[in-house]
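Chains, contacts and geometry: an overview
Chain by chain, the residues:
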Amino acid sequence: MKIMAVNAGSSSLKFQLLEMPSEDVIASGLVERIGYYNAVFTLKMNGEKVSTTQEILNHKEAVHLVTKGLIDHKIISSLDDIVGVGHRVVQGGEIFKNSALINDKVIEQIKSLSDLAPLHNPANITGIEAFRKDLPDVPQIAVFDTTFHQTMSEDAFLYAAPYEWYQNYGVRKYGFHGTSHQFVSERAAVLLDNKKAKIIICHLGNGASLCAVDSGKSVDTSMGLTPLEGIPMGTRSGNIDPTVLMLISDKENKSYAEVLDDLNKRSGFLGVSGISNDSRDILREMENGNHRARLAHEIQVKRIADYIGSYYVYMGGLDAIIFTAGIGENEGRVREAILNAVKVLGIEIDQEENQKRGERMITTKNSKVKAFIIPTNEEVMIAREVMRLK
Ligand code: ADP
């Protein structure tokens, strides 16, 4: 049974075709620069990669190209082979406490949340509509980045701002990376053999967020109304006093939108180091003695440790810390620095295991709080949701 997992951006379309229930990836690909004459379509299958450049005017054409490519390369014999499509949708607000089978009403509801995710939800809708046109009889399911965090209680998700902002405009913490946090927490429960485990997930990629999970439910997370809140990331500042907006706007004669853009795109690793948003560059330059690269790393580690301490207290204990995503899965030096920063919790690193990659425990048997690497897989999580709801 073949399921497609789709992630549509404003000018891109990423997909994976999975065999279910075995969860094997049959093909994956990407259409980039949609809307341009030199759009690129890349298709990967059977260890092979083919790439073509051509004009692709819109998402409808992109979807057409993808389905045609799958048939031409004999990955599917006809469109009927695809029995469900799962779409990543960034913002589900308070409407979606679960993934949803898409119909006209669901599309309207997703559109109604566009104020809260102006860059993402309209793009996600474009992808959904394009697939609905090409595969009108196939069930399409929306899987939201926010759903997993809908279990947070009010003390965790409300800002201490005028309550009417929440009532009138939905101003609150929603949290993101929910599909990843859910996938990883389900796997952690299996590895710990404990459905009631208290865990903290560090999803550390270009975008990064932490999630406190108690008995399989998200009880707090570091991202907020938007993915800008929380820990410093590749290019995002994470938490910052909002007064900075006014001060920089005044000093540099910029609009608030421009300063926000600085906080989203020119801060974090990139802003502090002045070198790069990529952790590999930061660590290399840090080891070459660059002070600002070291600072970029150390500020992130400190802020992550702050959250871990806070979640430990909030949950009243901790069984495991989990590392996932680009940095979490690949950078032993970052994992070690974070675990050392929260050593007081009773953590003993297994240095040898921490140098390796792939799913594993990276603390010793005696460590009071355990730590694991668990590679995330948002596409598989989306495909599982499709199987559950189609
Ligand atoms: P996102 O999906 O948020 O764009 P990723 O999860 O791909 O980001 O993570 C990107 C980050 O992970 C970068 O900072 C990069 O340096 C780091 N990273 C990715 N792959 C590796 C790797 N093989 N080794 C070390 N770091 C990696």
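Keep in mind it's a predicted model, so treat the numbers as computed, not measured. (Residues numbered from 1 in each chain as written. Predicted model: local features only at pLDDT ≥ 70, side-chain atom pairs only at ≥ 80, totals over all residues. Heavy atoms only, no water.)

**Structural notes on the domain arrangement of the chain**
Interfaces are often sized by the accessible area lost when the parts come together. What counts, and what does not: Residue ranges labeled as domains rest on an automatic or database domain assignment.
Examined at the domain level, the chain breaks down into domain 1 (2–144) and domain 2 (194–373). Taking only C-alpha atoms, the centre of domain 1 and the centre of domain 2 are 30 Å apart.

**A short note on the sheet that holds strand β12 (residues 320–324)**
The line we're drawing: We call two strands paired when DSSP finds no fewer than two bridges between them. For helices the rule is a DSSP run of H or I covering at least 4 residues; for strands it is a run of E covering at least 2, with both sets numbered from the N terminus onward.
An order of β11-β10-β9-β12-β14-β13 is seen for the 6 strands of this open sheet, with the pairing classed as mixed. Both edges of this open sheet fall to β11 (217–221) and β13 (360–361), since each of them pairs with a single strand only. By the bridge criterion, 4 bridges tie β12 to strand β14 (residues 370–373) in an arrangement that is parallel. In the strand pairing of β14, Phe 323 is matched with Ile 373.

**Quick notes on the side chain of Ser 218**
Cut-off, in case you're wondering: Two N or O atoms count as a polar contact when they lie within 3.5 Å, although within protein this holds only if one can serve as hydrogen donor and the other as acceptor, and sequence-adjacent residues are included solely when both atoms are side-chain atoms. We call two residues in contact when some of their heavy atoms are within 4.5 Å.
Secondary-structure assignment places Ser 218 in strand β11. Polar side-chain contacts of Ser 218 include one of 2.9 Å to the side chain of His 149. Ignoring anything within four residues of it in the chain, the contact list for Ser 218 reads Phe 148, His 149, Thr 151, Met 152, Cys 211, Ala 212 and Val 213.

**Quick word on the environment of Val 344**
Condition: A simple rule labels every residue: compare its accessible area, found with a 1.4 Å probe on the protein chains alone, to the largest value its type can have, and call it buried under 20%, exposed over 50%, or partly exposed in between.
Inspection of the secondary structure puts Val 344 in the loop between α13 (332–341) and α14 (351–354). Judged by its relative accessible area of 78%, Val 344 is exposed. Considering only alpha carbons, one finds Val 344 and Tyr 256, 88 residues apart in sequence, at a separation of 41 Å.

**Some points on helix α1 (residues 59–72)**
Selection rule: Take the residue count of a helix, subtract one, and multiply by 1.5 Å to get its expected span.
The end-to-end C-alpha distance of α1, which contains 14 residues, comes to 19 Å, matching closely the 20 Å that a straight helix rising 1.5 Å per residue would cover. Those residues of α1 not exposed but buried are His 59, Ala 62, Val 63, Leu 65, Val 66, Thr 67, Gly 69 and Leu 70. Looking one or two places after α1, you find Lys 74, whose phi comes out positive at around 60°.

**Looking at the packing of helix α2 (residues 104–112) against helix α3 (residues 121–134)**
Helix-helix packing: each pair is described by the crossing angle between the helix axes and the interaxial distance. To keep things clear, this is the line we draw: Each axis is a line fitted through C-alpha atoms, taken for helices only over the stretch in contact, and angles between the N-to-C directions span 0 to 180 degrees. Should an angle fall under 35 degrees it is taken as roughly parallel, and over 145 as roughly antiparallel, whereas 65 to 115 is taken as roughly perpendicular and any remaining angle as oblique. Crossings are sorted by hand: turned counterclockwise from the far helix by less than a right angle, the near helix makes the crossing left-handed, and turned clockwise it makes it right-handed. Residues are grouped as follows: Ala, Val, Leu, Ile, Met, Phe, Trp, Tyr, Cys and Pro are nonpolar; Asp, Glu, Lys and Arg are charged; every other residue, Gly included, is polar.
Running from amino to carboxyl end, α2 crosses α3 at an angle of 160°, the nearest separation of the two axes being 9 Å. In terms of axis orientation, α2 runs roughly antiparallel to α3. The crossing of α2 and α3 is left-handed. Here α2 contributes Asp 104, Ile 107, Ile 110 and Lys 111 to the contact with α3, which in turn contributes Asn 121, Ile 125, Ile 128, Glu 129 and Arg 132. Class assignment of the residues belonging to the contact of α2 with α3 gives a composition of 4 nonpolar, 1 polar and 4 charged.

**Re the state of the cysteines**
Threshold: Disulfides are defined as cysteine sulfur pairs within 2.5 Å.
Under the criterion given, the structure shown has 0 disulfides. Sulfur of Cys 202: no disulfide; nearest cysteine sulfur belongs to Cys 211 and is 10 Å away.

**Concerning the side chain of Glu 229**
Heads up, the rule is: Only four residue types enter the tally: Lys and Arg on the positive side, Asp and Glu on the negative side, with His and both chain ends excluded. A pair is scored as a salt bridge if a Lys or Arg side-chain nitrogen falls within 4 Å of a carboxyl oxygen belonging to Asp or Glu.
Along the chain, Glu 229 falls in the loop between β11 and α7 (243–252). Although Glu 229 lies buried, it forms no salt bridge, and the closest oppositely charged side chain, Lys 173, sits 4.9 Å away as judged by the N-O distance. Within polar-contact distance, the side chain of Glu 229 engages the side chain of Tyr 159 at 2.5 Å. Not counting residues up to four positions away in its chain, the partners in contact with Glu 229 are Tyr 159, Lys 173, Ser 222, Met 223, Gly 224, Gly 238 and Asn 239.

**Things to note about the nonpolar core**
Put simply, the rule reads: Nine residue types can take part in a nonpolar core, namely buried Ala, Val, Leu, Ile, Met, Phe, Trp, Tyr and Cys, and a core is a set of them joined through side-chain atoms within 4.5 Å.
By size, the foremost hydrophobic cluster in this structure holds 39 residues, and its most contacted members are Leu 204, Leu 210, Ile 308, Ile 321 and Phe 323. By residue number, the principal contributor to this core is helix α11 (residues 291–315), which donates 9 residues. Among all residues touching Leu 204, those that are not within four sequence positions of it are Leu 210, Ile 231, Ile 304, Phe 323, Thr 324, Ala 325, Gly 326, Ile 327, Gly 328, Val 334 and Ile 338. By size, the runner-up hydrophobic cluster in this structure holds 27 residues, among which are Ile 34, Met 45, Ile 56 and Val 85.

**Things to note about unusual backbone geometry**
With omega at 5°, the peptide bond leading from Met 20 into Pro 21 counts as cis. With respect to the helices and strands, Pro 21 occurs in the loop between β2 (13–19) and β3 (24–32). Unusually for a residue other than glycine, Asn 46 sits at a positive phi of about 45°. One can find Asn 46 in the loop between β4 (36–45) and β5 (48–56). By relative accessible area, Asn 46 is classed as exposed at 70%.

**Brief notes about the site of the ligand**
Cut-off, in case you're wondering: Residues are classed as near a molecule or strand on a simple rule: at least one heavy atom within 4 Å of it. Only the protein chains shown count as cover for residues, with accessible areas throughout obtained via the Shrake-Rupley method and a probe of 1.4 Å.
Lining the immediate surroundings of the ligand are Gly 205, Asn 206, Gly 207, Asp 278, Ser 279, Arg 280, Ala 325, Gly 326, Ile 327, Asn 330, Glu 331 and Arg 357. Contacts to the ligand include Asn 206, whose backbone N or O atom sits 3.0 Å from an oxygen atom. One of the backbone nitrogen or oxygen atoms of Gly 207 is found 3.2 Å away from an oxygen atom of the ligand. Here the ligand has 570 Å² of accessible area as a free molecule, and 66% of this is covered by the chains. Of all the elements in the fold, those that place two or more residues in the shell around the ligand are α10 (279–287) and α12 (325–330). Per-element tally for the shell around the ligand: the top contributor is α12, with 4 residues. Grouping the amino acids of the shell around the ligand by side-chain chemistry returns 2 nonpolar, 6 polar and 4 charged.

**A few points about the packing of α11 against α13**
One way to put it is that α11 packs onto α13 with a least axis distance of 9 Å and a crossing angle of 50°. Compared by their axis directions, α11 and α13 come out oblique. Where α11 crosses over α13, the two elements pack in a sense that is right-handed. From α11, His 297, Val 301, Ile 304, Ala 305 and Ile 308 reach across to α13, where they touch Val 334, Ala 337, Ile 338 and Ala 341. Of the residues contributing to the contact of α11 with α13, the split by class is 8 nonpolar, 1 polar and no charged.

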